[in-house]
Structures are given as C-alpha cells and as structure tokens.
Amino acid sequence: MTYKIAVIGGDGTGPEVVAEGLKVLKAAAKKHKFDYQLEEFDFSGKRYLKTGELVSDKDIEKLKQFDVIYLGAVGTPEVKPGILEHGVLLKIRFALDQYINLRPVKLYPNVWTPIKDKGPAEIDFVVVRENSEGLYKGMGEFQNKGTKDEVAIQVSYNTRKGVERCLRYAFEYCRKRNKRKQLTLVGKTNVLTYAFDLWERTFHEVGGNDYPDIKREYSHVDATCMWFVKNPEWFDVIVTDNMFGDIITDLGAMIQGGMGIAAGGNINPEGVSMFEPIGGSAPKYTGKNVINPLAAIGALQMLLDELGEEKAAADIENAIITTVAKMPSMAAGKMGMSTTEVGDVVAANI
Ligand code: IPM
Ligand code: MN
C-alpha cells in the first residue's frame, strides 16, 4: 500500500513546520513499513499575489486523487482578510465536504498550562466541530449598503442531514475513544432557538436510539468557556456547530499549551481529509527556525491515524511526549531548540 499525500506548505512558517512533519513521516514509515508518495501544491497567499489564483475547481479534482492532504498554514498580511480564507482553506473544506473538524485538547506532561492546579489528568478532551454549515455557509446579504439604514444579515444554516452526520460521527468517536463515554452538545439553546433546537432534538433522538451507552450532556457555549478554565475535567467529547467550535478550540488550544502544540483534522470520513496545525502562518517568525513544529507533527499523527496507521500514530504521540519533556516552553523562540531540532528529536524518538 502506497499512500498518496498532497502537501500544501502554504505561507509564512507553514512550509517550515510541514518539513518537520515530513521528517517524522519518513521515520514512521521506515519503522512501520508503509510507503507513501508526496506531491506538493503551492496554494498560498504568495501565489495569489503573483498570479491571482486561489484553489480552482480543477485543483479540487486533482486533490480528490489523493488519500489525504497535509497542510501547513495559509495567510499573509499583504492579502486582505477573507480572500485566502474563503479561496483556499474554506474552499477545500467545503468542496471536499470535510464535514468534521476534529480538535483534540490534550495537555501533555511537563507542558505549561495557564490553568492553575490542572494537569494532564484534567485536560484531555476532544472537540468535534461541524465543518460544513452554520455561519460558515456564507448565507446572508446587505440591505441598503452604505446608508444609515444599512442591515447586514448573516445566516446560520443547519440541515437535519448535516447536523445528524456530525452528531453520529461524534457519538461513534466517543464510543471508540472509550474513556468516560460522555458526549456534550455545546450550543446556545436559550437564544438560538431554531438552530440549536434542531441540534438538541437530533442529539437526543440519535443518541437515544443508537448510542444508549453514551451519556448525553448539554452545555451553553458561554458556560463552556467558563468550564474550560474552571473544570476542564468535566469534558470527554464535545460536539458543536462550526462557529462555536472555531471559538472554543482557540481557548482549548491555550489550555493545552498554546498554538505551538494544537493540531486538528478536517475530515470527510468517506472522502479526502486534510490535517493541519490550528495556528496560522505566523509571519513574524518566518524563516527564523524558531516556530514550534509540534502542532504540525501532531497533525501528522492524526493524519496517520485516519489512514489506519494507528501504531505509527501512537508512536508519534509518544515521541512528542518525550520531546516536550525536554522543552522549557511551547512558544516560538523559547523552546530551547530550533524548529529543525525539535523535528530531529521527534524523528529520533521514533
Ligand atoms: C480555523 C481558522 C479558520 C476558521 C479561518 C482561518 C477561516 O480560524 O481553522 O479555526 O475560522 O475555521
Ligand atoms: Mn479558528
């Protein structure tokens, strides 16, 4: 079996962290005896500035030929916000119907967290973020634009099918994870009485019928932010909509040690998935060999898990755990090692 992996380094520090991930991939493939083929794609702000190109439908057709996509980061300060997000990242997520955004929040031993008196035993949960609908659907309009009577409407679009497939993924994931077997729906049922009414009804219907072994909990999104800080141990698996998932996973990344270590996957369980570090392109650290590649290496671990290389993925996680124990900080420039050294140490630990 030869895995076909599309690699998008992207902008800023994206290519640097992806290079370290690929170093680790090489070590893991050698040990676990699998083959892979890489093909690079230059979707990025850099290319957009040069050629005006984003990700076209033809590009999407090419990406469909791969088993999986490995992404660094897309974004550069010279391009106005929104263009690359919509034209590259969201374009791929939507066109490949990567309807799950999976974001583990796991504090490894010896990693600093801003949450006092909480450690790896308390900070270990997973957020399943819906990744294809909600406010990200881009529905809405301006009325009377530019006048004093202007109205800007932005719609949260939630389909029964879209909500149900996300919930089913989360229930299955919770069962497979086999820890506390507790799935928490995060929403705002007290205010968003259409969207989260659908989510809540579907949650209990699907859970009651097909997942009686999984305990169902509910938490408002604002209270969830409070619990992340006060009692993160309360969570096992969380499922939520696109916007809330976006917001709470930045907070989640902070309590697990920062953007330097937070990884995520854009998953189409029946199609082509894409794995990425959650942090951005960090322009100010570009080319300095100081950025933390562990988030990208963690994304590679998730990528291999998705491909079914579970042993290799577990090895990578253990190598990350060994490596962080030698690092005084997860922050860029304060790791006690350079970017390439962190990659070398992880690869050596495989
Ligand atoms: C993320 C990012 C993206 C999102 C942006 C860059 C469009 O914040 O992956 O969380 O909002 O999903
Ligand atoms: Mn985000």
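Rules used throughout
- Residues numbered from 1 in each chain as written.
- Chains lettered and ligands numbered in written order.
- Predicted model: local features only at pLDDT ≥ 70, side-chain atom pairs only at ≥ 80, totals over all residues.
- Heavy atoms only, no water.
- UniProt positions renumbered as here; feature names shortened; annotations may be inferred.
- Helix = DSSP H or I, 4+ residues; strand = E, 2+ residues; numbered from the N terminus.
- Pairing = 2+ DSSP bridges.
- Right-handed = clockwise from strand over helix to strand, strands pointing away.
- Axes fitted to C-alpha atoms, helices over the stretch in contact; angles between N-to-C directions.
- Contact = heavy atoms within 4.5 Å.
- Near = heavy atom within 4 Å.
- Polar contact = N/O pair within 3.5 Å; in protein donor to acceptor, adjacent residues only side chain to side chain.
- Areas by Shrake-Rupley, 256 points an atom, 1.4 Å probe, with all protein chains shown as cover.
- Nonpolar A, V, L, I, M, F, W, Y, C, P; charged D, E, K, R; others polar.
- Domains from an automatic or database assignment.
- Phe/Tyr/Trp six-rings, centres within 6.5 Å; stacked < 30°, edge-to-face > 60°.
- Buried < 20%, exposed > 50% of the residue type's maximum accessible area, 1.4 Å probe, protein only.
- Lys NZ or Arg CZ within 6 Å of the ring centre and 35° of its normal.
- Buried area = accessible area lost by both parts, 1.4 Å probe.
- Salt bridge = Lys/Arg side-chain N within 4 Å of Asp/Glu carboxyl O.

## Observations regarding the UniProt feature "domain: Isopropylmalate dehydrogenase-like" (unreviewed entry) in the chain
Consideration 1: Under the local residue numbering, the UniProt record ascribes the feature "domain: Isopropylmalate dehydrogenase-like" (unreviewed entry) to residues 4-346.
Consideration 2: End C-alpha to end C-alpha, residues 4-346 measures 23 Å, and it is 41% helix and 22% strand.

## Comments concerning the pairing of strand β2 (residues 35-40)
Consideration 1: With six bridges connecting them, strand β1 (residues 2-10) and β2 associate as parallel partners. Residue pairing in the sheet places A6 in a bridge with E39 of β2.
Consideration 2: Regarding topology, helix α1 (residues 14-32) serves as the crossover connection from β1 to the parallel β2, and that connection is right-handed.

## Some thoughts on the sheet that holds strand β12 (residues 273-277)
Consideration 1: Spatially, the ten strands line up as an open sheet ordered β2-β1-β3-β12-β11-β4-β5-β10-β8-β9, and their pairing is mixed. If you trace the sheet from one side to the other, it starts and ends with β2 and β9 (215-220), each paired once. The average undirected angle you get between the axes of adjacent strands in this sheet is 25 degrees.
Consideration 2: In this sheet, strand β3 (residues 68-73) lies alongside β1 in parallel orientation, the contact comprising five bridges. Among the inter-strand pairings, V7 is bridged to a residue of β3, identified as Y70.
Consideration 3: Strands in contact with helix α8 (residues 242-255) are β4 (100-106), β5 (124-130), β8 (182-187) and β10 (237-240); relative to β5, the strand with the most contacts, it is inclined by about 155 degrees.

## Brief notes about unusual backbone geometry
Consideration 1: Although it is not a glycine, N144 sits at a positive phi angle of roughly 55 degrees.
Consideration 2: In this fold, N144 is placed in the loop between β6 (134-143) and β7 (151-157).
Consideration 3: Here the phi dihedral of N289 falls at roughly 60 degrees; this positive angle occurs in a residue that is not glycine.
Consideration 4: By the element assignment, N289 lies in the loop between β12 and α9 (294-307).

## Some points on the site of ligand 1
Consideration 1: E85, L89, R93, R103, R129, Y136 and D246 make up every residue found near ligand 1.
Consideration 2: A distance of 2.8 Å separates an oxygen atom of ligand 1 from a polar atom in the side chain of R103.
Consideration 3: At 2.9 Å from an oxygen atom of ligand 1 is found a side-chain nitrogen or oxygen belonging to D246.
Consideration 4: Burial of ligand 1 by the surrounding chains reaches 74%, relative to a free accessible area of 320 Å².
Consideration 5: Among the elements that take part in the shell around ligand 1, helix α4 (residues 83-95) stands out by supplying three residues, more than any other.
Consideration 6: Looking at the shell around ligand 1, its residues break down into two nonpolar, no polar and five charged.
Consideration 7: Built from parts of two domains, the shell around ligand 1 gets at least three residues from each of domain 1 (1-112 + 263-350) and domain 2 (114-256).

## Some thoughts on the packing of aromatic side chains
Consideration 1: All told, the structure shown has 13 aromatic pairs when counted by the stated rule.
Consideration 2: Ring centres of F41 and F43 lie 5.5 Å apart, and the angle between their planes is 25 degrees; this geometry places the pair in the stacked category. You'll find F41 and F43 in the same group, each marked buried.
Consideration 3: Centroid distance F228 to F235: 5.3 Å. Interplanar angle 85 degrees. Geometry classified as edge-to-face.
Consideration 4: Note on F228: relative accessible area 0%, which makes it buried.
Consideration 5: With relative accessibility at 2%, the residue F235 sits in the buried group.
Consideration 6: Positioned above the aromatic ring of F66, the side-chain terminus of K4 is 5.2 Å from the ring centre.
Consideration 7: Of note, R129 hangs over the ring of Y136, and the distance from its end group to the ring centre comes to 5.0 Å.

## Here we look at the domain arrangement of the chain
Consideration 1: Under the domain assignment used here, the chain contains domain 1 (1-112 + 263-350) and domain 2 (114-256).
Consideration 2: Its C-alpha centre places domain 1 at a distance of 24 Å from the equivalent point of domain 2.
Consideration 3: Contacts between the two partners involve 23 residues from domain 1 and, on the opposite side, 27 residues from domain 2.
Consideration 4: Across the interface of domain 1 and domain 2, roughly 2,300 Å² is buried in total on both sides, 58% from carbon and sulfur atoms.
Consideration 5: Counting the contacts that link domain 1 with domain 2 gives one salt bridge.
Consideration 6: A salt bridge links R165 to D97, with the shortest nitrogen-to-oxygen separation between them at 2.9 Å.
Consideration 7: Counting every contact that joins domain 1 to domain 2 gives eleven residue pairs in polar contact (both at pLDDT 80 or more).
Consideration 8: Those elements giving two or more residues to the side of domain 1 that touches domain 2 turn out to be α4, β4 and β11 (263-267).
Consideration 9: Per element, the largest residue contribution to the side of domain 1 that touches domain 2 is seven residues, and it comes from β4.
Consideration 10: Looking at the side of domain 1 that touches domain 2 residue by residue, the class counts come to 15 nonpolar, three polar and five charged.

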